[in-house]
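So you can see what is in the structure, the chains are spelled out below.
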Amino acid sequence: MNSRDPRYDILFEPVQIGPVTSKNRFYQTPYALGIGPHRYQDMVAFRQTRAEGGWGVVCVEETMIHPTSGHDPFQGPHLWSDADIGRVAPMAEAVHKYGALAGVELAHVGSSGPCWEHRGYPLSPTANPVRLHDNPIMTKQMDKRDIAQFRRWYVDAALRAKKADFDIVYVYCAHDLSLLQDFLVSRTNKRTDDYGGSFQNRIRLLREVLSDVKDAVGDRCAVAVRLAVEERRWKSSLNTREDGRRVIEELAEVPDLWDVNVSDWAWDTGSSRFFEEGHQEPFISFVKQVTSKPVVGVGRFTSPDAMVSQVKRGILDFIGAARPSIADPFLPNKIDTGLHDDIRECIGCNVCAAEVMNQTTIRCTQNPTAGEEFRLQWHPERVPPAGDPTRNILVVGGGPAGLQAALTLGKRGYQVSIAEAGENWGGRIVRERSLPRLATWGRVVDYRLALLQRMPNVQMYLASRLSAEDVLGMEPDHVIVATGSSWRRDGTGRSHDEPIPGADAAHVFTPDDIMAGKPVSGKVVVYDDDYYYMASALAEKLAREGNTVTYVTSASEPAPWTFKTLELGHVVQALLAAGVEIVTGTTLTAIEPGRVTAQRVLTGHSITLDADALVLVTCQNADETLYRELLERVEEGQLPSLDRTGDCVAPAFIAQAVRDGHRAAMSYDLPKDQ
Ligand code: ADP
Ligand code: SF4
């Protein structure tokens, strides 16, 4: 077994948090899984896997203290009544099995939840429109009786958390998603009584709840505060950095731990397109100077050197992680055993957050097993051994799906060959990682390649475009086709059932053309009927190369899917900064030399845009030719078995390709339906 690099010893020091002690400095902070309360076993398995992977603290997400608190339709765990204890307790028990501390983030979401499920009234310090989405309802302004009741709910939930055997109980005041933050921030608190107005009044409820919870459970449980020390929002110029510091100064020694970050979620969970590793440091670095209590913070930390630096420079006591623990549950154990080069580093794409926004089970681009720990019993490190390790399996295509299939098959012990037509491994990522802000996505390839190249049972062939005859000539026992997809050229897509007239003109390009380096110049229209990152990334690239770019989309807002990845506001700012003009709610009707005609979706009005070049970002075609040809050979008995995976089945996210590559490799020889 490898041993730990002594440079990283400091990360494995125990740290005391009030009455409990963490075995190391790796702290899986609370984050949502998108799993409703009907699937507690999935939550248990997810958290248990992180504890198994070596995290010293493993926390459960926002756990609602009362039915008036909810982000409906998003759902998660709750501790509304004693009847809930038995459902939540297995998470603490599962975490304890591996010697980790279990934390629970008790929360009331105040005016950010519409209370649909409860059918009561959402609560807030001052009557306000509910903030989540476009709910056209107001909150109820809490009176003194409501405030007293709220304090009781917190205490009752904390006592339940203690009964459920949690070690760390949170008081939640962060992300612009908390009733306590509603009270704290003058933007949302316009009260004139002793809970509003002055800073001392606005902090009063946080102070009271903290002291109530400490009195109730502080003998055995550590009490943590999760606090947004800074508010950053698109619509507001409000700067709470001063207030954030004052909160910590006022309550410095009261909680047993400070879990600090920047609100709102789009700034805390910043994607790699817009935020570097450790991006919160400028906002949280003061905290340890103000309190002697341990401090945890996040920053998409995947590098052990960056982690050590945080500790040594006195920024953090605990390395907090949400996404790095999703992408690699075994990150601490890998550092501990000298395998830090094998960390499956988060790429910062925020597909995990998007799944939560969709209220579907969490998934991860890098880690195909995330969210499948219970349902499919997939483990992030262990795979079932090959039924017959002498079997030769051929994977055709070296994109994310093919690489993942080869990796999982290689780990299972099969004799694997993987062939790629291009000069480089990575498929779509070879092209996409060179687009503005997407370089970090290259980790999907780099991680897999590094492992595959060390596997003696895996043979890798570049510059090898295989025909059906080539495949048969290799006499494989099983073939997995992973030939990917290409962007459509004719404009067909979600807004266009038929090709756009004129789409066959020479000045019309696809994303593949632009990424392959085909030259465009002058006035360029980039048309987005796809709604995710491609069109905005191309528009920014072309504008930065000196073109006059107009981004046109059929959607009512630019790149609308990036709302789910918490990037929308950042995307718009990046386009504006690059000088791109944005035209929303508009479809193309005809393409002519030098111009396109377009139509407003809602009004039907026609407009004309000058265009020396047009880039159509509509949808993709699966490349299934080889699969179809090989299927015939299977039916003729010339090939024993065949599967296909990834974009050649149906083009989708990289996360889907990786997940499906793993599925293809896991289901070979195993009866279980994956
Ligand atoms: P996915 O996301 O499903 O992995 P990609 O498009 O990223 O799909 O990757 C598919 C890869 O398959 C591309 O790199 C492409 O060059 C390769 N490919 C396509 N057809 C063949 C073939 N006949 N032989 C070998 N490689 C192929
Ligand atoms: Fe990181 Fe993307 Fe995985 Fe989320 S989905 S943990 S951002 S790699």
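Residues numbered from 1 in each chain as written. Chains lettered and ligands numbered in written order. Predicted model: local features only at pLDDT ≥ 70, side-chain atom pairs only at ≥ 80, totals over all residues. Heavy atoms only, no water.

- As annotated in an unreviewed UniProt entry, the protein carries the name FAD-dependent oxidoreductase and is attributed to Massilia orientalis.

1. A look at the overall build of the protein
So, point 1. Looking only at helices and strands, the protein has 23 helices and 27 strands in total.
So, point 2. Viewed in the frame of its principal axes, the protein has a C-alpha envelope of about 75 × 65 × 45 Å.
So, point 3. Within the protein, the fraction of its 674 residues that count as buried is 62%.
So, point 4. Summarising the internal contacts of the protein: among those between residues at least 6 apart in sequence, 72% fall at separations of at least 24.
So, point 5. For the protein, the computed accessible surface area is about 25,100 Å², with 49% contributed by carbon and sulfur atoms.
So, point 6. Of note, the protein has its 73 positive side-chain charges centred 5 Å away from the centre of its 89 negative side-chain charges. (Helix = DSSP H or I, 4+ residues; strand = E, 2+ residues; numbered from the N terminus. Buried < 20%, exposed > 50% of the residue type's maximum accessible area, 1.4 Å probe, protein only. Contact = heavy atoms within 4.5 Å. Areas by Shrake-Rupley, 256 points an atom, 1.4 Å probe, with all protein chains shown as cover. Lys, Arg positive; Asp, Glu negative; His and termini not counted. Charge placed at Lys NZ, Arg CZ, Asp CG, Glu CD.)

2. Let's talk about the layout of surface pockets
So, point 1. Estimates place the volume of the second largest pocket at around 870 Å³.
So, point 2. Contributing to the lining of the second largest pocket are 38 residues, with Glu 420, Ala 421, Arg 431, Arg 465 and Thr 483 lying nearest its centre.
So, point 3. Those elements that provide at least two residues to the lining of the second largest pocket are α15 (400-412), α16 (428-432), β17 (485-487), α19 (511-515) and α22 (625-635). (1 Å grid on protein atoms, 1.4 Å probe; cavity = no way out; pocket = protein on both sides within 12 Å on 5 of 7 lines; lining within 4 Å. Points joined across faces, edges and corners; volume = space filled by probe spheres on them.)

3. Details of the packing of helix α3 (residues 144-163) against helix α6 (residues 204-217)
So, point 1. For the pair α3 and α6, interaxial distance at closest approach is 9 Å and the crossing angle is 35°. Classified by chirality, the crossing of α6 by α3 is right-handed. Residues Ile 147, Phe 150, Arg 151, Tyr 154, Val 155, Ala 158, Leu 159 and Lys 162 of α3 lie in contact with α6, whose contacting residues are Leu 205, Glu 208, Val 209, Asp 212, Val 213, Ala 216 and Val 217.
So, point 2. Looking at the contact of α3 with α6 residue by residue, the classes come out as 11 nonpolar, no polar and 4 charged. (Axes fitted to C-alpha atoms, helices over the stretch in contact; angles between N-to-C directions. Left-handed = near helix turned anticlockwise from the far one by under 90°. Nonpolar A, V, L, I, M, F, W, Y, C, P; charged D, E, K, R; others polar.)

4. Some thoughts on the sheet that holds strand β3 (residues 26-28)
Adjacent strands of a sheet form backbone hydrogen bonds with each other and so pair up, either parallel or antiparallel.
So, point 1. Around the barrel, which closes on itself, the 8 strands sit in the order β3-β4-β5-β8-β9-β10-β11-β12 with parallel pairing between neighbours. Across this sheet, the average inter-strand angle for adjacent strands is 25°, counted without regard to direction.
So, point 2. In this structure, strand β10 (residues 257-263) lies alongside strand β11 (residues 295-297), joined through 3 bridges in parallel fashion. Looking across to β11, one finds that Val 260 is bridged to Gly 297.
So, point 3. Each of β8 (168-173) and β9 (222-231) is contacted by α6, which is oriented at about 170° to β8, the strand it contacts most. (Pairing = 2+ DSSP bridges.)

5. Concerning the environment of Ala 100
So, point 1. Structurally, Ala 100 is set in the loop between α2 (85-96) and β5 (101-107).
So, point 2. Sequence separation between Ala 100 and Phe 330 is 230 residues, and the spatial gap between their C-alpha atoms is 13 Å.
So, point 3. Setting aside chain neighbours within four positions, we find Ala 100 in contact with Ala 51, Trp 55, Gly 56, Val 58, Val 95 and Asp 167.

6. Points about the packing of aromatic side chains
The geometry of two aromatic rings is summed up by the distance between their centres and the angle between their planes.
So, point 1. Throughout the structure, instances matching the rule amount to 13 aromatic pairs.
So, point 2. For the ring pair Trp 267 and Phe 275, a centre distance of 5.8 Å and an interplane angle of 80° mean the geometry is edge-to-face.
So, point 3. Given a relative accessible area of 10%, Trp 267 falls into the buried group.
So, point 4. Taking 5.2 Å as the distance between ring centres and 55° as the angle between the ring planes, the aromatic pair formed by Tyr 532 and Phe 653 counts as tilted. Remark: Phe 653 occurs in the loop between β27 (642-644) and α23 (654-667) and Tyr 532 occurs in the loop between β19 (523-528) and α20 (534-544); sequence separation between them is 121 residues.
So, point 5. We classify Tyr 532 as buried; its relative accessible area is 7%.
So, point 6. Phe 653 sits in the partly exposed class, given a relative accessible area of 23%.
So, point 7. Through successive ring pairs, a cluster of aromatic residues spans Trp 441, Tyr 532, Tyr 533, Trp 561 and Phe 653.
So, point 8. Lying over the aromatic face of Tyr 31, Arg 47 brings its terminal NZ or CZ to 4.9 Å of the ring centre.
So, point 9. Just above the ring of Phe 199 sits the side chain of Arg 246; from NZ or CZ to the centre is 4.1 Å. (Phe/Tyr/Trp six-rings, centres within 6.5 Å; stacked < 30°, edge-to-face > 60°. Lys NZ or Arg CZ within 6 Å of the ring centre and 35° of its normal.)

7. Focus on the sheet that holds strand β13 (residues 392-396)
So, point 1. Read from one edge to the other, the open sheet built from 5 strands follows the order β15-β14-β13-β16-β27, with strand pairing classed as parallel. In the strand order of this sheet, the two ends are held by β15 (458-461) and β27, each with one partner. Shown here is a sheet whose adjacent strand axes are inclined to one another by a mean of 15°, direction ignored.
So, point 2. Against the sheet, α15 touches β13, β14 (415-419), β15 and β16 (478-481), its axis set at about 165° to β14.
So, point 3. Along the sheet face, α22 touches β13, β16 and β27 and points at about 160° away from the line of β27.

8. Some points on the nonpolar core
So, point 1. Counting 97 residues, the largest nonpolar core has Leu 11, Phe 150, Tyr 154, Phe 166 and Trp 258 as the members making the most contacts within it.
So, point 2. In this view, Tyr 154 contacts Ile 65, Leu 106, Ala 107, His 108, Tyr 170, Val 171, Tyr 172, Leu 180, Val 209 and Val 213; residues no more than four positions away in its chain are not counted.
So, point 3. Ile 347, Ala 386, Ala 406 and Phe 509 belong to the second largest nonpolar core, which has 62 residues in total. (Core = buried A, V, L, I, M, F, W, Y, C linked by side-chain atoms within 4.5 Å.)

9. Remarks on helix α21 (residues 568-577)
So, point 1. Extensive coverage of α21 is indicated by the burial of 7 of its 10 residues.
So, point 2. All of the buried residues in α21 are Leu 568, Gly 569, His 570, Val 571, Val 572, Ala 574 and Leu 575.
So, point 3. Packing partners of the buried residues in α21 comprise α8 (265-268), α20, β20 (548-553) and β21 (581-583).
So, point 4. The positive-phi residue at the C-terminal boundary of α21 is Gly 579, with phi of around 85°.

10. Some points on the site of ligand 1
So, point 1. Close contacts around ligand 1 come from 21 residues, with Ala 401, Glu 420, Arg 428, Leu 466 and Asp 647 the closest.
So, point 2. Measuring from a nitrogen atom of ligand 1, one finds a backbone N or O atom of Leu 466 at 3.0 Å.
So, point 3. The pocket occupied by ligand 1, as judged from atoms lying within 2 Å of grid points, is the second largest pocket.
So, point 4. Each residue belonging to the shell around ligand 1 can be placed in one class, and the counts come to 8 nonpolar, 9 polar and 4 charged. (Near = heavy atom within 4 Å. Polar contact = N/O pair within 3.5 Å; in protein donor to acceptor, adjacent residues only side chain to side chain. Sits in = over half its atoms within 2 Å of the grid points.)

11. Observations concerning the domain arrangement of the protein
So, point 1. When its domains are assigned, the protein resolves into domain 1 (6-357), domain 2 (392-484 + 623-667) and domain 3 (487-621).
So, point 2. Using C-alpha coordinates to define each centre, domain 1 is positioned 40 Å away from domain 2.
So, point 3. Listed per partner, the contact involves 12 residues of domain 1 and 10 residues of domain 2.
So, point 4. Roughly 1,100 Å² is buried in total at the junction of domain 1 and domain 2, and carbon and sulfur atoms are behind 57% of that figure.
So, point 5. Linking domain 1 to domain 2 there are 2 salt bridges.
So, point 6. Between Glu 345 and Arg 443 there is a salt bridge whose closest N-O contact spans 3.6 Å. (Domains from an automatic or database assignment. Buried area = accessible area lost by both parts, 1.4 Å probe. Salt bridge = Lys/Arg side-chain N within 4 Å of Asp/Glu carboxyl O.)

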